[in-house]
Each structure stands twice: as C-alpha cells, then as structure tokens.
Amino acid sequence: MIPMMDLLKQLRLSGLAEELPRLIEEARQSQLSYEAFLTCVLQQEITSRALRADQRRLRKAKLPFISRIEAFDFRFQPSVSKRLVQELASLQFLETATNVVLLGPPGVGKTHLACGLSLKAIEAGHAVLFTTLRELAQVLEAPRQPGQHDPLRRYAQPKLLVIDEVGYTRLTSEQARMLFDLVAARYERASTVLTSNLSFGEWGALLGDEVLATALLDRLLHHAEVITINGRSYRMRNHAGADGPASS
Ligand code: ADP
Ligand code: MG
C-alpha cells in the first residue's frame, strides 16, 4: 500500500499531513466512529487552509507593523472617539465603501489605527493593501514596460487601501493627476483609509493644483469618517514637558 503521507502529498494536503498522526491518536483514544473521524480530518484541513489564506493576505497587505485596535490606549488620546473606532472595527464601513481619514501630528497613532483596521479586514477575509503616498507616487509614475499591468489597477482593486503619510511628499502634476484617478476609481466602490498631518486647506499646495485638490477631496470625503487627533505624541509620552504636537 502507498504510504498515507505520499497520498496526502499528492493531494497537496500538507497541513493535514502534519496534524494527522495526532488526529489518529485522538480518534483511537476516544474510539471515534469512521464518520466522526473523517469529519474531524476534513475540518482540520479546512481550518489550516483558512489559516494559510489569512497569512497570505497578511503578507500581501504589506503592513509596516502589526498593531491592534485593542492595544490602542484611548485614555491617552481622548480626542479619538472609542465608540467610532470600535464601530469602524466592525467593518461595516467596507460594505458602504466609506473612507476613513485620520488627521494629526506625528506620533498620535494614525498608522497604528490604520494597521489595526487593516488587520480586522484581513482577518475577515478581505484583500488589503497598505502603502505610503511616497511609494504610491513613485509606482504610479514609473515608466511602464509593454505588456505590464496598469499599476493603478493594483491599488484600485483591494477592498481596503491604506494611503499613509499624505503630506510628507509633494507631488508633481502627473503624480497629483494619478492620485486623483485612483481616488476616483475607488469612489463609491471600495474604502480607502488615508492618514495625513495636513489640514484639508493645505491639499492644494500638496497637489500643486487647487481645482484638482477640491475635486479629489470632494470624492474622498463624500462618504467618509474623519478622525482628527490633536493630542500628544505617544512616542514622546515619557519625555518631560512633551505637551502639544511633538515633532519627530
Ligand atoms: P503616527 O502614524 O500618527 O505618526 P503611530 O501610529 O506610528 O503614529 O504611533 C507611534 C507609535 O506609538 C506606534 O508604535 C504606535 O503603536 C504607538 N501608539 C500611538 N498612539 C498610541 C495609543 N493611543 N495607544 C497605544 N499605542 C499607541
Ligand atoms: Mg504614521
């Protein structure tokens, strides 16, 4: 008879191959019926496939770090509504293609919250992509090889796109135009989480075009939750006299 492990390999059930000796031993001890044992084995394969899919989505999302909503200290940052963030964590906003804009100075937890929402979405089975405006601007502008996919599509498609650090990079008119195209492509289709240290009034200078900035903000903010964080930098929390917006 062909050894069982070879059969599992042929069927690409490598997750099961690892767990099977344990499952067989448990089935022996609790004298499971054939039906109960087979159910248990199939369930194990489904569980390990779901876990692998989770890990794959997490890798593809390219989060800069892992931070959870549950680890966010709302007492430290009273300007952030715990109720609103918890409501966002339920992911209802993804169903209505609502955007989330996190505004505030460095260190107040914008990226933390963006990653926390991303993790929730990944765990719920959604495709997520995290990027910074600098990276986005470079990728969208890079000359395209013939036959290469339109890079805009890569950013337009995920259920959740995070654009972090809007404001540190000034855009050329070509880049500004592409950012507008991206926001327009996702408008009312899929949610974008955007973080920025700028107020909306400064977007004209960021994009080098007041009219384009108005049109972009119009689409971005039509269905959006805006969270303005005006507390202290969490990074500087143990520094004496670190009140007010800190620079990093
Ligand atoms: P920002 O993106 O606003 O500059 P970050 O989200 O990168 O700030 O936060 C800086 C660091 O402080 C991160 O490690 C983050 O996890 C942590 N942090 C910020 N705010 C909080 C908070 N209220 N509770 C717990 N950790 C926080
Ligand atoms: Mg940040």
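Predicted model only: the values in this text are computed from it and were never measured.

(A) Region of the structure containing the overall build of the protein. For the protein, the count of helices and strands is eleven helices and five strands. Taken against the 2.2 N^0.38 rule, which gives 18 Å for 248 residues, the C-alpha radius of gyration of the protein at 23 Å runs more than 25% over that of a compact globule. Principal-axis analysis of the C-alpha atoms gives the protein an extent of 75 × 55 × 30 Å. In the protein, which comprises 248 residues, the share counted as buried stands at 43%. Expressed as a percentage of contacts within the protein between residues at least 6 apart in sequence, the contacts between residues at least 24 apart total 79%. Of the roughly 14,300 Å² of accessible surface on the protein, 53% is carried by carbon and sulfur atoms. Charge-centre separation for the protein: the mean point of 30 positive side chains lies 3 Å from the mean point of 27 negative side chains.

(B) Region of interest: the packing of helix H7 (residues 133-141) against helix H9 (residues 173-186). The interhelical angle for the contact between H7 and H9, taken along N-to-C directions, is 100 degrees, at an axis separation of 9 Å. In terms of their interaxial angle, H7 and H9 are classed as roughly perpendicular. Of the residues in H9, those in contact with Leu 133, Leu 136, Ala 137, Gln 138, Leu 140 and Glu 141 of H7 are Glu 174, Gln 175, Met 178, Leu 179 and Leu 182. Residue composition of the contact of H7 with H9, grouped by class: seven nonpolar, two polar and two charged.

(C) Structural detail: unusual backbone geometry. The phi dihedral of Gln 31 falls on the positive side, at around 50 degrees, and the residue is not glycine. Looking at where Gln 31 falls in the secondary structure, it is placed in the loop between helix H2 (14-29) and helix H3 (34-61). For Gln 31, a relative accessible area of 70% translates into the label exposed. A positive phi angle, near 60 degrees, is found at Glu 165, a position not held by glycine. Counting through the fold element by element, Glu 165 comes out in strand E3 (residues 160-166). Judged by its relative accessible area of 32%, Glu 165 is partly exposed.

(D) Highlighting the pairing of strand E4 (residues 191-196). By the criterion of burial, E4 is predominantly enclosed, with six of the six residues buried. The alternating pattern of E4 places Ser 191, Val 193 and Thr 195 on one face and Thr 192, Leu 194 and Ser 196 on the opposite face, and all of these are buried. Of the strand pairs in this sheet, strand E1 (residues 99-103) and E4 are connected by four bridges, and their pairing is parallel. Residue pairing in the sheet places Leu 103 in a bridge with Ser 196 of E4. Between the parallel pair E3 and E4, the chain is carried across by H9, and the sense of this crossover is right-handed.

(E) Fine view of the site of ligand 1. Close to ligand 1 lie 13 residues, the nearest being Asp 73, Gly 107, Lys 110, Thr 111 and His 112. Here an oxygen atom of ligand 1 and a backbone polar atom of Gly 109 are 3.1 Å apart. One nitrogen or oxygen atom from the side chain of Arg 235 is found 3.1 Å from an oxygen atom belonging to ligand 1. Contact with the protein chains covers 84% of the free accessible surface of ligand 1, which is 560 Å². The residue inventory of the shell around ligand 1, partitioned by class, reads six nonpolar, four polar and three charged.

(F) Representation of H2. Taking 1.5 Å of rise per residue, 16 residues should cover 22 Å, and H2 covers 24 Å from first to last C-alpha, within 8% of that figure. Largest kink in H2: about 45 degrees, centred on Leu 20, with the proline Pro 21 one to four residues after it. Every buried residue belonging to H2 is among Gly 15, Leu 16, Leu 20, Leu 23 and Ala 27, and all of these are buried. If you follow the buried residues of H2, they end up packed against helix H1 (4-10) and H3.

(G) Structural context of the sheet that holds strand E2 (residues 128-132). Spatial ordering of the open sheet is given by E2-E3-E4-E1-E5, a layout of five strands whose pairing is parallel. Whereas interior strands pair on both sides, the edge strands pair on one side only; in this sheet they are E2 and strand E5 (224-228). Along the sheet, successive strands turn relative to each other by an average axial angle of 10 degrees, direction set aside. Pairing analysis gives five bridges linking E3 to E4, with the strands arranged parallel. In the strand pairing of E4, Ile 163 is matched with Leu 194. Against the sheet, H7 touches E2 and E3, its axis set at about 95 degrees to E2.

Here is what the cut-offs are and how they apply
- Here the residue numbering is sequential within each chain, running from 1 through the sequence in written order.
- Note on labels: chains are lettered from A, ligands numbered from 1, in written order.
- Totals for whole chains, interfaces and linings use all residues, but because this is a predicted model, local features are given only for residues with pLDDT of at least 70 and pairs of side-chain atoms are given and counted only at 80 or more.
- Neither water nor hydrogens contribute to the side-chain values; these are computed over all heavy atoms in the structure.
- Here a strand is any run of E in DSSP of at least two residues, a helix any run of H or I of at least four, and the numbering for each starts at the N terminus.
- What the globule rule says is 2.2 Å times the number of residues to the power 0.38, and the radius of gyration is computed from C-alpha atoms.
- Under the scheme applied here, a residue whose accessible area is under 20% of the maximum for its type counts as buried, over 50% as exposed, and between as partly exposed, the area being computed with a 1.4 Å probe on protein chains only.
- Whether two residues touch is decided by their heavy atoms; if any such pair falls within 4.5 Å, the residues are in contact.
- Note on areas: these come from Shrake-Rupley sampling with a 1.4 Å probe, and a residue is covered only by the protein chains present in the view.
- Just so you know, the count uses Lys and Arg for positive and Asp and Glu for negative, and it drops His and the chain ends.
- By convention, charge coordinates are those of NZ in Lys, CZ in Arg, CG in Asp, or CD in Glu.
- Axes here refer to lines fitted to C-alpha atoms; in helices the fit is confined to the stretch in contact. Angles between the N-to-C directions go from 0 to 180 degrees.
- In this scheme, roughly parallel covers angles under 35 degrees and roughly antiparallel covers those over 145, while 65 to 115 is roughly perpendicular and the rest are oblique.
- Only Asp, Glu, Lys and Arg are considered charged in this grouping, and only Ala, Val, Leu, Ile, Met, Phe, Trp, Tyr, Cys and Pro are considered nonpolar; every other residue, Gly among them, is considered polar.
- Following DSSP output, two strands are said to pair if at least two bridges run between them.
- By convention, orient the strands away from the viewer: a clockwise path from the first strand over the helix to the second makes the crossover right-handed.
- Any residue with a heavy atom lying within 4 Å of a molecule or strand is counted as near it.
- Polar contacts, as used here, are pairs of N or O atoms within 3.5 Å; protein pairs need one atom able to donate a hydrogen and one able to accept it. Residues neighboring in sequence count only if both atoms are side-chain atoms.
- Take the residue count of a helix, subtract one, and multiply by 1.5 Å to get its expected span.
- We define the bend at each residue as the angle formed by axes fitted to the 7 residues ending at it and the 7 residues starting at it.

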